[in-house]
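For reference, the chains in residue letters:
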Amino acid sequence: MKHFRYSGLIAWKGHAGTGAEMRKLVYYVGTTLDGYIAGPNGEYDFLPIEPDVTEALLPELPETIPTLAREHMGLTDTPNRRFDTVLMGSASYQPGLDAGTTSPYDHLDQYVFSKSRTGEYPGVTMVRDDAVDFVADLKRRDGADIWLCGGGKLAASLAGLIDELIIKRYPLVIGAGIPLFDGPFRVSRWTPFQVQEFASGALVTRYRTT
Ligand SMILES: NC(=O)c1ccc[n+]([C@@H]2O[C@H](COP(=O)([O-])OP(=O)(O)OC[C@H]3O[C@@H](n4cnc5c(N)ncnc54)[C@H](OP(=O)(O)O)[C@@H]3O)[C@@H](O)[C@H]2O)c1
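Bear in mind that the values here come from a model prediction, so they are computed numbers and not experimental data.

Draft legend 1. Main features of the overall build of the protein chain. Summing up its helical and strand segments, the protein chain has five helices and 11 strands in all. For 210 residues, the compact-globule estimate of 2.2 N^0.38 gives 17 Å, and the C-alpha radius of gyration of the protein chain, at 17 Å, lies within 12% of that figure. Over its C-alpha atoms, taken along the principal directions, the protein chain stretches across nearly 50 × 40 × 40 Å. Scored against the burial criterion, the 210 residues of the protein chain give a buried share of 28%. Pairs at least 24 apart in sequence give 72% of the contacts found in the protein chain among residues at least 6 apart.

Draft legend 2. Region of interest: the environment of Glu-55. Its place among the elements puts Glu-55 in helix α1 (residues 51–57). Sequence spacing of Glu-55 and Arg-141 is 86 residues, and the spatial spacing of their C-alpha atoms is 32 Å.

Draft legend 3. Highlighting the UniProt feature "domain: Bacterial bifunctional deaminase-reductase C-terminal" (unreviewed entry) in the protein chain. Per the UniProt record, "domain: Bacterial bifunctional deaminase-reductase C-terminal" (unreviewed entry) is annotated on residues 128–203. End-to-end, the C-alpha atoms of residues 128–203 are 35 Å apart, and along that stretch the chain is 21% helix and 32% strand.

Draft legend 4. Up close: helix α3 (residues 90–98). Within α3, the full set of buried residues consists of Ser-92, Tyr-93 and Gly-96. Along α3, the residues classed as buried sweep out an arc of 100° about the axis, all on the same side. Close packing links the buried residues of α3 with β4 (83–89), β5 (109–113) and β7 (145–150). Two residues or fewer past α3, Gly-100 is found with a positive phi of approximately 100°.

Draft legend 5. View of the pairing of β7. Most of β7 sits inside the fold, with six of its six residues counted as buried. Sheet analysis places β4 next to β7, joined by five bridges and oriented parallel. Counterpart to Val-86 in the pairing with β7 is Trp-147.

Draft legend 6. Local environment of the site of the ligand. Around the ligand, 27 residues are found, and the nearest of them are Gly-42, Gly-89, Ala-131, Gly-150 and Gly-151. Of the residues in the shell around the ligand, the class split is 12 nonpolar, 11 polar and four charged.

Draft legend 7. Local environment of the environment of Arg-117. Within the element layout of this structure, Arg-117 appears in the loop between β5 and β6 (124–127). Residue Arg-117 is classed as partly exposed on the basis of its 14 C-beta neighbours within 10 Å. Each residue touching Arg-117, except ones within four places of it in the same chain, is listed here: Ser-90 and Met-126.

About the thresholds
- Residues numbered from 1 in each chain as written.
- Predicted model: local features only at pLDDT ≥ 70, side-chain atom pairs only at ≥ 80, totals over all residues.
- Helix = DSSP H or I, 4+ residues; strand = E, 2+ residues; numbered from the N terminus.
- Rg over C-alpha atoms; globule rule 2.2 N^0.38 Å.
- Buried ≥ 20, exposed ≤ 12 C-beta atoms within 10 Å, placed from the backbone.
- Contact = placed C-beta atoms within 7 Å.
- UniProt positions renumbered as here; feature names shortened; annotations may be inferred.
- Arc of directions from axis to C-beta.
- Pairing = 2+ DSSP bridges.
- Near = placed C-beta within 6 Å.
- Nonpolar A, V, L, I, M, F, W, Y, C, P; charged D, E, K, R; others polar.

Shown next as structure tokens:
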């Protein structure tokens, strides 16, 4: 297993790929030490944006920055590196709407999963079909890897299709909130293949399915 300890800016070492294969579904997400991706009422502002983590991951995953923020960061013309598609649960999609955009990751193919939303959402495809069948089909199509953005409910329903986890764990405990996987009790085992430790206290661990 690769184990990197960083005190600042690093060079990206590459992710563990095994050559020509089906595109991967990757759950890339930030959590607290106690496994929450948001507070009980969807709060997420307390999750820090650590400069050392950003510097390390941005060259590999610039497409995970929302379009509006990319403009401020001078990333507007930066090509996508790993993902060409993002999947969002309806609740994870809501902050973008609150910020005034229906297309938070305009540089990606965007799929939002909701059985209750009606109306028009320019820039995204609203998926009302069975999520597992839909994503299994998406994985069989040609393309770059697929980013599962969250949240916990969508991740739980797609857990059996996830190929890789990239977990940014921040040294915070919040006691209650929305879990990384918010579904029924089910044990699955994952194999860690890379750990990145940061001076800020964040730990980025990558796992693949066993
Ligand atoms: N820390 C991070 O990196 C990170 C990343 C992403 C999100 N978040 C946070 O996570 C929170 C949201 O997570 P969450 O677990 O509450 O909600 P979520 O998974 O984002 O959305 C849940 C909703 O999505 C729809 N949905 C989920 N699975 C579905 C399926 N299999 N088929 C059809 N529709 C499905 C349902 O909407 P309908 O009820 O409309 O059917 C469901 O109520 C937000 O606070 C967000 O900010 C944090």
